[in-house]
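Architecture and fold: a report
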Amino acid sequence: MKKLQNYINGKFQAPVLGKYIENFDPSKGVVFSLIPDSDAEDVSLATEAAKAAFPKWSTMTLNERSEILLRLSKGIEDRMDEFVAAESLDNGKPVSLARQVDIPRAVSNLSFFATAILHFASESHYMEGVGVNYTTRKPIGVVGCISPWNLPLYLFTWKIAPALATGNCVVAKPSEITPYSAYLLSEVAMAAGLPPGVLNIVHGLGASAGDAIVKHPDIKAVSFTGGTATGAYIARTAGPMFKKLSLELGGKNPNIIFADCDFEDMLSTTVRSSFANQGQICLCGSRIFIERTIYDKFKTAFVEKVSRMKVGNPSDPSTKQGAVVSKGHMEKVLSYIALAEEEGGTILTGGNQVILDAPHDNGYYIAPTIIEGLPFDCRTNQEEIFGPVVTLCPFDTEEEALMMANATQYGLAATVWTTNLKKAHRMADEIHAGIVWVNSWLVRDLRTPFGGVKASGVGREGGWEALKFFTEPKNIFIKS
Ligand code: NDP
């Protein structure tokens, strides 16, 4: 059985205590590899390596750093098939999705920030007759990057690329549930000539390895993507240490559909925005609000399309829904479906675990599920389920749609469907969210600010925002 290792100081290293965790293939429910169960000692070794590498890495020319990061990007691209297979095996997502979205996006994250850094400039503020201020932006030092399991390499590289590009050295932890593509990235880093210690990848549990990153006094900033409860814990822990924090957390995103939308475009996009990656994308629209005049038409068409989605082996090209990520997560999602029924909801399609033929009969499959008849403020409509489950809710007026859309603790993303330009602007303006898509979903431009409001997070990633997060500004005034 494959035994993954930590990547510390440019080499593979076994965990100090020699302990390993089982890593499951969710499509079959079997263990396929072991990963280091690292703890604070491994994080300390990684941090020491990063500190030692920092002076040289941070003073390299931008072009030198850029070239190395471009080699990392190319290194993933050259092993595309291997990365695609690893991501699907680890996460349960359809191979087709890993090929279209996850791995190409990891390639782009690295090449985007490798070149963005060449164009990043700091500000100068001229004071007529008084002097000039100029601002320098220096790397922070050693930074921690902690990422979740839903888009493993996509989100891992989304953090480490800007961190490295700006000259920081990194101690990173992928989710222990999906470590494989980050492990392959260590191989790519070695082949690409990334200097030892610049990037260190420590595998292990959040409560031990993750926590050690958050608490290490020499790790000066933490960029975290994951659940809101974990984010709150990290903020409580790192806040008093005055660490810089970027927290990208959960969502319960509204998808608001007006009667005047382009119905066919809305319908096919809503199938995707509800169920892509088995609904395990923080941007999925899990609460669908539909103007009452088209509620029945929408419901019939949506249920018909969704009930035809094939749940199956992730390697089968015709599969639309693969496995959810773990047994524990499957049980959590199924328990929310049971809660929805207790709360008075009616299941229109799905609602059950799906048992496939051998060898996938122990995999973690859930039929895409649509529920109606629930009040907007019940637990099912308030808590993040993060699985293939959406609720339908009719509305009569713009005000009512907005009120219900905004009535959660979250504020990550929202989708609005209307051909009325003024209405689109009004809604986009009033929705509590960091990202609003009008007549579209998940169209991403890596230059734009990415992140949420309220319990969906603190700070923004993407473009200049990420480069600013990973640098410390200093203003210098010179008298004229
Ligand atoms: P978790 O919060 O459970 O975990 C995220 C990462 O943090 C994992 O690597 C985890 O390790 C680690 N971790 C857990 N506990 C600690 C701790 N005490 N200290 C430090 N690190 C810790 O989230 P999930 O992995 O379950 O991911 C799903 C969540 O991520 C959803 O809520 C989703 O909305 C959110 N998300 C947000 C996005 C955004 O951009 N806003 C994008 C994608 C997902 P381990 O795996 O061992 O638990």
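Residues numbered from 1 in each chain as written. Predicted model: local features only at pLDDT ≥ 70, side-chain atom pairs only at ≥ 80, totals over all residues. Heavy atoms only, no water.

1. Quick look at the overall build of the protein
Inclusion rule: Strands are runs of DSSP state E lasting at least two residues, helices are runs of H or I lasting at least four, and both sets are numbered from the N terminus onward. To get the radius of gyration, use the C-alpha atoms; to get the globule rule, take the number of residues to the power 0.38 and multiply by 2.2 Å. When accessible area is computed with a 1.4 Å probe and restricted to protein chains, residues below 20% of their type maximum are described as buried, those above 50% as exposed, and intermediate ones as partly exposed. In what follows, residue pairs with any heavy atoms lying within 4.5 Å of each other are defined as contacts. As used throughout, the charge tally considers Lys and Arg to be positive and Asp and Glu to be negative, leaving His and the chain termini uncounted. Every charge is mapped onto a representative atom, which is NZ of Lys, CZ of Arg, CG of Asp or CD of Glu.
Check the secondary structure of the protein and you find 14 helices and 23 strands. In terms of C-alpha radius of gyration, the protein reaches 23 Å, essentially the compact-globule figure of 23 Å for 480 residues. In terms of its C-alpha atoms, the protein occupies a principal-axis envelope of roughly 65 × 65 × 40 Å. The buried share among the 480 residues of the protein stands at 58%. When contacts within the protein are restricted to residue pairs at least 6 apart in sequence, long-range pairs at least 24 apart make up 74% of them. In the protein, 46 side chains carry a positive charge and 51 a negative one; their mean positions are 6 Å apart.

2. Regarding the nonpolar core
Our working rule: Here, the term nonpolar core denotes a set of buried Ala, Val, Leu, Ile, Met, Phe, Trp, Tyr and Cys residues that are joined through side-chain atoms within 4.5 Å. For every domain, the bounds stem from an assignment made automatically or drawn from a database.
The biggest cluster of nonpolar side chains holds 97 residues, and the ones touching the most others in it are Ile76, Phe113, Val170, Leu199 and Leu283. Split by domain, this core shows at least three residues from each of two domains, domain 1 (2-249 + 456-479) and domain 2 (254-446). Among all residues touching Ile76, those that are not within four sequence positions of it are Phe83, Ile103, Val107, Leu110, Leu153, Leu185 and Val188. By size, the runner-up hydrophobic cluster in this structure holds 20 residues, among which are Ile288, Phe298, Ile370 and Trp417.

3. Comments concerning the confidence of the model for the protein
Residues shown with low pLDDT carry predicted positions that ought not to be read at fine detail. Which entries qualify depends on this criterion: The quantity known as pLDDT measures the predictor's confidence residue by residue, on a range of 0 to 100.
Residues of the protein with pLDDT of at least 70 account for 100%, and the chain-wide mean is 98. Per-element confidence in the protein is highest for strand 9 (residues 169-173), whose mean pLDDT is 99, and lowest for strand 1 (residues 2-3), whose mean pLDDT is 94.

4. A short note on a nonpolar patch on the surface
For clarity, the threshold we go by: Patch rule: a residue counts if its relative accessible area is over 30% and it has no salt bridge; like charges are joined within 9 Å, and nonpolar side chains (Val, Leu, Ile, Met, Phe, Trp, Tyr) within 5 Å. Calculation of accessible area relied on Shrake-Rupley with a 1.4 Å probe; when residues are assessed, cover is drawn exclusively from the protein chains displayed. Any Lys or Arg side-chain nitrogen found within 4 Å of a carboxyl oxygen on Asp or Glu counts as a salt bridge.
Among the surface-exposed residues, Val16, Leu17 and Leu45 lie close enough to one another that they form a single nonpolar patch of about 250 Å² accessible area. Position of Val16 relative to the elements: it lies in the loop between strand 3 (11-13) and strand 4 (20-25).

5. So, the packing of helix 2 (residues 62-78) against helix 4 (residues 95-119)
Rules: For every element, the axis is a line fit to its C-alpha atoms; helices are fit only across the contacting stretch, and the angle between N-to-C directions ranges from 0 to 180 degrees. Relative orientations are named as follows: roughly parallel for angles under 35 degrees, roughly antiparallel for angles over 145 degrees, roughly perpendicular for angles from 65 to 115 degrees, and oblique for any other angle. For this classification, Asp, Glu, Lys and Arg are treated as charged, while Ala, Val, Leu, Ile, Met, Phe, Trp, Tyr, Cys and Pro are nonpolar and the rest, including Gly, are polar.
Helix 4 packs onto helix 2 with a crossing angle of 170° between their chain directions and a minimal axis gap of 8 Å. Relative to helix 4, helix 2 is oriented roughly antiparallel. The segment helix 2 lies against helix 4, with Leu62, Asn63, Ser66, Leu69, Leu70, Leu72, Ser73, Ile76 and Glu77 engaging Ile103, Val107, Leu110, Ser111, Ala114, Thr115, Ile117 and Leu118. Looking at the contact of helix 2 with helix 4 residue by residue, the class counts come to 11 nonpolar, five polar and one charged.

6. Focus: the sheet that holds strand 13 (residues 253-257)
Rules: When DSSP finds at least two bridges between two strands, those strands are taken to pair.
Within the open sheet, the seven strands sit side by side as 15-18-19-14-13-20-21. Their pairing is mixed. Sheet topology places strand 15 (346-349) and strand 21 (435-438) at the edges, where each strand pairs with a single neighbour. Averaged over all adjacent pairs, the angle separating strand axes in this sheet is 25°, with direction ignored. In this structure, strand 18 (residues 369-372) lies alongside strand 19 (residues 389-395), joined through four bridges in parallel fashion. Along strand 19, the bridge assignment pairs Thr369 with Val389.

7. Side note on the packing of aromatic side chains
The cut-off we apply is this: Pairing of aromatic side chains here covers Phe, Tyr and the six-membered ring of Trp, requires ring centres within 6.5 Å, and sorts the geometry by plane angle: under 30 degrees stacked, over 60 edge-to-face, intermediate tilted.
What the rule picks out here adds up to 12 aromatic pairs. On the numbers, 4.9 Å between centres and 85° between planes, the contact of Phe112 with Phe113 is edge-to-face. Taken individually, Phe112 and Phe113 each receive the classification buried, so the pair is uniform in this respect. With a centroid separation of 4.9 Å and 20° between ring planes, the pair formed by Phe298 and Phe302 is classed as stacked. Taken together, the positions of Phe298 and Phe302, both in helix 10 (residues 295-307) and four residues apart, correspond to about one turn of that helix.

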